[in-house]
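# Structural overview
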Amino acid sequence: MFDADWVQRFSKLIARHTGLLIRPQDERNLCKKLEQRLTTLGFSSPSPYYDLLCCAVENPLTVDSQTTASRREWTLLIRRLVVTESYFFRDRGQFELLRSRLLPELLVKQRNIAAQTGERPRLKIWSAACASGEEPYSLAIVLWELINDRDRWDLQIIGSDINDESLAQAKRGEYSAWSFRQVEASIKTQYFRQQGDRYILNPEIRRLVRFERVNLVSDPLPDANLNLYDLDLILCRNVFIYFDRPSIERVLDKFYHSLSLGGYLIAAHAELQGAGHHQFHSQLFPQSVVYQRCDRLERNRIVNAPGKGRTVSSCQSPPTPTPLPILSHSSKPSSFKSVPLPVASHSAPVVPLSAPGPAAETSHPRWQDALRHFRTSAYHKAIHCAERTLSDYPRHLDAYLLIARAYANLGEYQKAVYYCLQALEIDSLAIAPHYLLAHLYEAQGNINRAKRILKKIVYLAPKMPLAYLELAQIYRLEGDTRRADHMERSAIQILRSLPPSTPMDVESKLTAGDLLQQLNIC
């Protein structure tokens, strides 16, 4: 029913209205969801359904029966398209940055403004694309703990999402244990009441948050009616990875003008790499990059203010991602330098074998399922099983790494980078996440960042020959033959000191002898 032309037309329409990027690997699933809607509506071909969806897109301000029906259908379709995954205090590093640095700074700023104007201090925060509400409620809990004189404050936390079903769940404030997979038990005890297998949020916390349905791409912003203007902080995390480039630019511009001067935007790790967020001033903290609105008159004061994070420049736009190559062990290349090392399932990144985790973690049934699915290239199933493992063992580093490798093999590099960084939050000295991260940056065209990470690996693991060889390859491409030769000689010296059967990769398929043969060294 849906040929390639119809798939492209629907994909473009969905991207135009919602910003969602339909990738080639998503097209089959999209067709199934569209066919379900056609069957429900009694359409025998895609054309009338496409016309129905177009009506609201082409006439956003019109109010009549046809556009109302179109908007209603978009609501039903969006429920099937969007990802609603979330949990409390997702990304501990970013929440620690909020708790210890950004929110206290904003609170002091608003107290000073209130002292000058004689009004109540006010703080406005927007959790954009909040899914079922875990993120804005997490912010409410942090503010509850930071502010002792809450009655004197005008605290406004707005949670928004495009999915009305998710918002309905958020307003109820009821959650399963899955929403607490990285939360200390004390949080559940203090702020939730258990009722059967559900956890009911404290009404005082729930009253701090208001929920609204917002389409970040199509709705006009700032919006005075929804009080989405002059904001102190916007969180929009794990959203941009699903958007196409024009939608990212459009939403960033809306966010910029919705923030007050000095207001902050926080996205998920590496989400905005390559995005043209040039209006924002980027600050690099140990826990995260933060984007700040600094209009021209205020820029120098904020950049030079003491105690701020280090200024970083905007990322260059990477080339369009392509799947990383797989290095076959059955056919040896004649020269190692001409073949980039892979991030792949059967020829895993060449890293020192990691120390086994606790027996309970390594023998966990879901973890064993994740490994089995990964080995058979069933990456989506592997990701699902690894995520379930993390619900029981939230500090399972290998689970984060497996998810990162699976996303890398699917060509979804931004997600892979995110999960590498999550693994490094657990162990900042772990070699495997660093090595995969270097490959991901190289695949995205960010050679300088890949080189920095490889240098760090050489420092952390001076006996790891593959890091030396990859650095040699980069230096040779840069025309620095002196450093390239030095790195290659160091790698060969390390390899010759090892027994030829010494395994170099996670699955023990690549050995020191193999590497010497690839280098044509006897």
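Now for a look at the structure at hand.

About the thresholds
- Residues numbered from 1 in each chain as written.
- Predicted model: local features only at pLDDT ≥ 70, side-chain atom pairs only at ≥ 80, totals over all residues.
- Heavy atoms only, no water.
- Helix = DSSP H or I, 4+ residues; strand = E, 2+ residues; numbered from the N terminus.
- Contact = heavy atoms within 4.5 Å.
- Pairing = 2+ DSSP bridges.
- Expected span 1.5 Å × (residues − 1).
- Buried < 20%, exposed > 50% of the residue type's maximum accessible area, 1.4 Å probe, protein only.
- Phe/Tyr/Trp six-rings, centres within 6.5 Å; stacked < 30°, edge-to-face > 60°.
- Lys NZ or Arg CZ within 6 Å of the ring centre and 35° of its normal.
- Core = buried A, V, L, I, M, F, W, Y, C linked by side-chain atoms within 4.5 Å.

### Some thoughts on the side chain of Arg 90
- Of note, Arg 90 is situated in the loop between helix H4 (65-81) and helix H5 (92-117).
- In this view, Arg 90 contacts Glu 85, Phe 95, Arg 237, Asn 238, Tyr 418 and Tyr 419; residues no more than four positions away in its chain are not counted.

### A closer look at the sheet that holds strand S5 (residues 198-201)
- Taken in spatial order, the 3 strands line up as S3-S5-S4 in an open sheet, and their pairing is antiparallel. Where the open sheet ends on each side, the last strands, each with one partner, are strand S3 (174-175) and strand S4 (192-195).
- Where S4 lies against S5, 4 bridges are found, and the strand directions are antiparallel. Looking at the pairing, Phe 192 lines up with Leu 201 of S5.

### Points about helix H15 (residues 397-409)
- Over its 13 residues, H15 runs 19 Å from end to end, which matches the ideal 18 Å to within 8%, given 1.5 Å per residue.
- Of all 13 residues in H15, 12 are buried; the element is thus mostly enclosed.
- Residues Leu 397, Ala 399, Tyr 400, Leu 401, Leu 402, Ile 403, Ala 404, Arg 405, Ala 406, Tyr 407, Ala 408 and Asn 409 constitute the buried set of H15.
- On its buried side, H15 packs onto helix H13 (365-375), helix H14 (379-392), helix H16 (413-426) and helix H17 (431-443).
- One or two steps after H15, the chain reaches Gly 411, where phi turns positive at roughly 80°.

### Looking at the pairing of strand S9 (residues 280-284)
- Counting buried residues in S9 gives 4 out of 5 residues, a clear majority hidden from the surface.
- By the bridge criterion, 5 bridges tie S9 to strand S10 (residues 289-293) in an arrangement that is antiparallel. When the bridges of S10 are listed, Gln 283 appears paired with Val 290.
- Between S9 and S10, which pair antiparallel and follow one another directly, the connecting turn spans 4 residues.

### Some remarks on the packing of aromatic side chains
- A full pass over the atoms with the stated rule returns 21 aromatic pairs.
- With a centroid separation of 6.3 Å and an interplanar angle of 50°, the aromatic rings of Phe 43 and Tyr 49 are classed as tilted.
- With a centroid separation of 5.8 Å and 25° between ring planes, the pair formed by Tyr 407 and Tyr 419 is classed as stacked. With Tyr 407 in helix H15 and Tyr 419 in helix H16, this pair connects stretches of sequence that are 12 residues apart.
- With relative accessibility at 10%, the residue Tyr 407 sits in the buried group.
- Residue class for Tyr 419 comes out buried when judged on its relative accessible area of 11%.
- Each residue in the set Phe 88, Tyr 137, Tyr 175, Phe 180, Phe 192, Tyr 199 and Phe 211 is aromatic and connected to the rest through ring pairs, giving one cluster.
- The ring centre of Trp 6 lies 4.3 Å from the NZ or CZ of Arg 9, which sits over that ring.
- Here Arg 9 stacks its cationic end above the ring of Tyr 50, 4.6 Å away from the centre of that ring.

### So, unusual backbone geometry
- The amide bond that connects Leu 221 to the next residue, Pro 222, takes the cis arrangement and shows omega of 0°.
- Relative to the helices and strands, Pro 222 resides in the loop between strand S6 (209-213) and strand S7 (231-235).
- Despite not being glycine, Ala 131 has its phi angle at roughly 55°, a positive value.

### So, the nonpolar core
- Judged by nonpolar contacts, the single largest core of 66 residues is most densely connected at Leu 402, Leu 440, Leu 454 and Ile 457.
- Examining the composition of this core, we find that 10 residues originate from one element, H15, more than from any other.
- Every residue in contact with Ile 457, bar those within four places of it in the chain, is listed here: Ile 431, His 434, Tyr 435, Pro 462, Met 464 and Ala 467.
- Counting residues in each nonpolar core, the second largest holds 51 residues, with Leu 30, Phe 240, Phe 243 and Phe 255 among its members.

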